[in-house]
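# Coordinate inspection notes
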Number of protein chains: 2
Amino acid sequence: MKIPPVKGTRDFYPPDMALRNWLIDGWKRVSVRNGFEEYDGPIFEYLKMFQLKSGDEIVEQLFSFEDRGGRKLALRPEITPTLARMVNQQINSLPRPIKWFSVPRLCRAERPQRGRLREFFQWNIDIIGVDDVLADAEVIFCALDYLQEVGLTPDDIVVKISSREMLAAILLSIGIAEDELEPLYALLDKRSRLGEDTFEEMLTKQVSDENRRKKILELMNAESVEQIGDFVELSETAKESVDELQRLFELLDVVGVADFCVFDIGVVRGLAYYTGIVFEIYDKASQFRAIGGGGRFDDLLKQFGGPDMPATGFGIGDSVLEILLREKGLLDMVVPQKQLDYFVAFTDKQFFQKAIEIMAKLRRSGAAANFAYKSTTLSKQLKQASAQNAQKSIIIGRELSDNNELVIKDMATGEQELIELNKFFAELESESK
Amino acid sequence: MKIPPVKGTRDFYPPDMALRNWLIDGWKRVSVRNGFEEYDGPIFEYLKMFQLKSGDEIVEQLFSFEDRGGRKLALRPEITPTLARMVNQQINSLPRPIKWFSVPRLCRAERPQRGRLREFFQWNIDIIGVDDVLADAEVIFCALDYLQEVGLTPDDIVVKISSREMLAAILLSIGIAEDELEPLYALLDKRSRLGEDTFEEMLTKQVSDENRRKKILELMNAESVEQIGDFVELSETAKESVDELQRLFELLDVVGVADFCVFDIGVVRGLAYYTGIVFEIYDKASQFRAIGGGGRFDDLLKQFGGPDMPATGFGIGDSVLEILLREKGLLDMVVPQKQLDYFVAFTDKQFFQKAIEIMAKLRRSGAAANFAYKSTTLSKQLKQASAQNAQKSIIIGRELSDNNELVIKDMATGEQELIELNKFFAELESESK
């Protein structure tokens, strides 16, 4: 009976796994050097936790199920609710600011498409306890620190930045009601993916007043933070948000990533919990979905029963990133092939036992070693050594029984040398220290 | 609104995560030096895949759910079925023998108990394509290579080894019918957990013939492979299995792990797919559940629609292992604390911008660096540096604006030195190469 994998999931054969490890190890390394500590939560949580404060889109994509006690559970589609839950649980003992990162496996019941899978990995970093826009600048820097390290330049990617706080202030000042904001965010977030006509049609449904509609459409044309004032008169709150955005761009310049960053008032983010600065990272050609995005979510901890505490962070998935890196030729040569330090071969069956004894000793000393399971000719064993990319072969034969010596064959040059057994292991142990 | 985590799952706060990473990194390192390559599959598969050939116990513990297309899916309770599926899919292109390892996150709908969680990590290694008992010896060696590396000795743990093939041959030879074998395995597997009386009572239900029952009870007293023949007359097949077990013990002696290994006819394994050598690893005091176990499953690939191909492997979970290591005091001091290379401080607000510029440059150069978000006094900043375990602090002040020099303070000794900015970064870059 042959059973296929579920559509939208991936099998990681060793070469795929090596690539996944390379990606994730990079995320981890950059997180640590940016001062973040790793955490993780369970892959399933109570269903209601995800329904509480995520966007509608994510709630629709939940894989939910019941345990035997009838509790309603769901696979995590994102880790931010878990982060809020965990931080709240230990809020009094955690040193602040809390700078945490995670690389959760996430599951969403989506229709699988290119760059959109039902199971994927996502790099998350978050700073909790800092309300200064400096923290927003830091998370954007951290994302770009990684993206630059893997070879992406301002010719390849762009970070589009806006502020939901500013957008809210402007929308309120032109007469949109408080409770109309959230559905309007959702629509504005989809704007670039809808056609212009469809967008206007849907906007008409949500905003009946023609004058307000016109102002929104105009506002969407602002190309810089400075231009905002040209389209609408700014309230005090709106001015503060504009100032904050300007300071963000200054800070991004100081830390050397300004050439990756642009203002884009069309960036709103789908998730319901964002409150201030929001950003999305795209390939420059806008060929693919967002590589990642994030922003400020100052109310989330409180909504999860915790204190009033500012927070900002981002998530970058592996699927779109991998597609982009491959397209840019940045994955060629980066992932190391399987490598073996030693292949232990023997000239005659009588040396087989000695061979596996030495193989075991090699492994204990930290060297990656293999051997042939079947007693075959030496030349067949050496072929296996080559097939497994062994750097060296150790040949066990008369030299060992007569003089306690190993024959070491360099598989690249073909050169052979003799070395006394104890001397060999003494050198190996001192190397691995 | 406060939402708790689901019972039987774990939150990994940074110290817990550091421990999990230490455990898993060890598994990975030892796997690689033993010649294994890493793979992984999806966390959910078709429900029927797990129902196909696992033991009843595992099937009862499935978390199952439906996707929006009504497909019946389940969270993986083990990875071996996925391994069989993946190997079968690429059977013609994979070089053999296939030596693969994985560290899957697994989910089981169990009643949570000490050492038994509803979500855990399991180290799996498997060798596919080798029928020689040498492969069984190798997987046992690999498990012990790791367990020894973390400090466990023959005083702490024991590998109990038997052969299901041998058990089958003996049971058949004393008159047990072929279709009675599987339920009998399940009962024998539970023997050590049941009381003697309960076991005999349940055995009576399964084996009505008193003579056969007596023989089974006698057989369970065999203390060595050699003794088996004293209890029952061995058929040809049984003799072959006994010889194979003896060869296994010889090989375990050659690779230097014999003092960890004993014969134990009571080891049967709960999973339905085992066919030959089986083993379980326990703490010597039998205080806890099995740390791990494994064995040969020569029929599984075929049952999953693939070729007739021998296979052997093991799984070791993280829960019991962690409890044991903690009890033995082997977790003290092993997990590194959060470490920061540099904390960037400034003497006056006017140097703040320069400070974050240097912080960004440090991170780009690969050094883990942090800074204070709020402009406070230098002494408060240095307190933060200590709280974050920074090895050194870099103090930005007049020295930089006047002479382009950094003040570097060693946080352990308190010593300070001056170094020219460009020289400092040139040295840092050359160190990281």
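Heads up: these notes are all about the structure in this document. The structure displayed is predicted, hence computed values, not measured ones.

### Regarding the overall build of chain A
Across its full length, chain A holds 17 helices and 17 strands. At 28 Å, chain A has a C-alpha radius of gyration far larger than the 22 Å of a compact globule built from 433 residues. When the backbone C-alpha atoms are referred to their principal axes, chain A occupies close to 95 × 55 × 50 Å. A buried classification covers 43% of the 433 residues belonging to chain A. Excluding contacts between residues fewer than 6 apart, the proportion of contacts in chain A whose partners are at least 24 apart in sequence is 67%.

### Quick notes on the relation of the copies chain A and chain B
The operation relating chain A to chain B is a screw motion whose rotation component is 180°, with 0.0 Å of axial translation and a residual RMSD of 0.0 Å. When the rotation and shift are considered jointly, the pair of chain copies conforms to a two-fold rotation axis. Closest to the rotation axis within chain A is the C-alpha of Phe65 of chain A, separated from it by 2.7 Å. Mapped onto chain B, 100% of the interface residues of chain A again fall at the interface, so both copies present the same surface.

### Points about the interface of chain A and chain B
Of the residues lining the interface, 70 residues belong to chain A; the matching set on chain B comes to 70 residues. When residues of the side of chain A that touches chain B are assigned to their parent elements, the largest contribution, six residues, is made by helix H14 (residues 352-364) of chain A. Tallied by class, residues from the side of chain A that touches chain B come to 39 nonpolar, eleven polar and 20 charged.

### A word on the pairing of strand E16 (residues 405-410) of chain A
Residues and elements named next belong to chain A. Examined bridge by bridge, strand E15 (residues 390-396) and E16 share four bridges and lie antiparallel to one another. Along E16, the bridge assignment pairs Ile395 with Val407. Direction of pairing for E16 relative to strand E17 (residues 416-420): antiparallel, over a ladder of five bridges. Bridge pairing links Ile408 to Glu417 in E17. Connecting the antiparallel pair E16 and E17 is a turn made up of five residues, with Gly414 showing a positive phi of about 85°.

### Structural notes on unusual backbone geometry
In this structure, Pro97 of chain A follows Arg96 of chain A across a cis peptide bond, with omega equal to -5°. One can find Pro97 of chain A in the loop between helix H4 (80-89) and strand E5 (98-102). A positive phi angle is found at Asn404 of chain B, which is not glycine, with a value near 60°. On the secondary structure map, Asn404 of chain B appears in the loop between helix H16 (398-403) and strand E16 (405-410).

### Concerning the sheet that holds strand E2 (residues 44-46) of chain B
Residue and element names in this part refer to chain B. On the basis of which strands lie adjacent, the open sheet formed by three strands has the order E2-E4-E3 and antiparallel pairing. Every interior strand has two partners, whereas the edge strands, E2 and strand E3 (64-66), have only one. For this sheet the average axis-to-axis angle between neighbouring strands, irrespective of direction, equals 35°. With three bridges joining them, E2 and strand E4 (residues 72-75) adopt antiparallel strand pairing. The partner of Phe44 across the bridge, within E4, is Leu75.

### Points about the sheet that holds E16 of chain A
Residues and elements named next belong to chain A. In space, the five strands of this open sheet follow the order E14-E13-E15-E16-E17, with mixed pairing throughout. This sheet does not close on itself; its edge strands, each paired only once, are strand E14 (369-371) and E17. Strand after strand, the sheet turns through a mean of 30° between neighbouring axes, direction not considered. Across the face of the sheet, helix H15 (residues 378-387) comes into contact with strand E13 (340-346) and E15 while running at roughly 170° to E13.

### Observations concerning H15 of chain A
Because each turn of an α-helix spans 3.6 residues, side chains separated by three or four positions end up pointing in the same direction. Residue and element names in this part refer to chain A. Those residues of H15 not exposed but buried are Gln381, Gln384 and Ala385. Viewed along the axis of H15, the buried residues span an arc of 105°, placing them on a single side of the element. Exposed side chains of H15 directed beyond 90 degrees from the buried face belong to Ser379, Ser386 and Ala387. Packing partners of the buried residues in H15 comprise E13 and E15. Remark: Asn389 follows H15 within two positions and exhibits a positive phi of approximately 60°.

### Quick word on the packing of helix H5 (residues 133-149) of chain A against helix H11 (residues 236-254) of chain A
All names here are of chain A. Packing of H5 against H11 brings their axes to within 9 Å, and their N-to-C directions diverge by 45°. By the angle class used here, H5 and H11 are oblique. In the packing of H5 onto H11, the handedness of the crossing is right-handed. Only Glu244, Arg247, Leu248, Leu251 and Leu252 of H11 make contact with H5, whose side of the interface consists of Val133, Leu134, Asp136, Ala137 and Ile140.

### Focus on the packing of helix H7 (residues 181-190) of chain B against helix H8 (residues 196-206) of chain B
The packing of two helices is summarised by the inter-axis angle and the distance between the axes. All names here are of chain B. It is the contact of H7 with H8, at a shortest axis distance of 11 Å, that shows an interaxial angle of 180°. With respect to H8, the element H7 is oriented roughly antiparallel. In this structure, H7 contributes Pro183, Leu184 and Leu187 to the contact, and H8 contributes Met202, Leu203 and Gln206. Here the residues of the contact of H7 with H8 are counted per class, giving five nonpolar, one polar and no charged.

Definitions and limits used
Residues numbered from 1 in each chain as written. Chains lettered and ligands numbered in written order. Predicted model: local features only at pLDDT ≥ 70, side-chain atom pairs only at ≥ 80, totals over all residues. Helix = DSSP H or I, 4+ residues; strand = E, 2+ residues; numbered from the N terminus. Rg over C-alpha atoms; globule rule 2.2 N^0.38 Å. Buried ≥ 20, exposed ≤ 12 C-beta atoms within 10 Å, placed from the backbone. Contact = placed C-beta atoms within 7 Å. Least-squares fit on C-alpha atoms with pLDDT ≥ 70 in both. Nonpolar A, V, L, I, M, F, W, Y, C, P; charged D, E, K, R; others polar. Pairing = 2+ DSSP bridges. Axes fitted to C-alpha atoms, helices over the stretch in contact; angles between N-to-C directions. Arc of directions from axis to C-beta. Parallel < 35°, antiparallel > 145°, perpendicular 65-115°, else oblique. Left-handed = near helix turned anticlockwise from the far one by under 90°.

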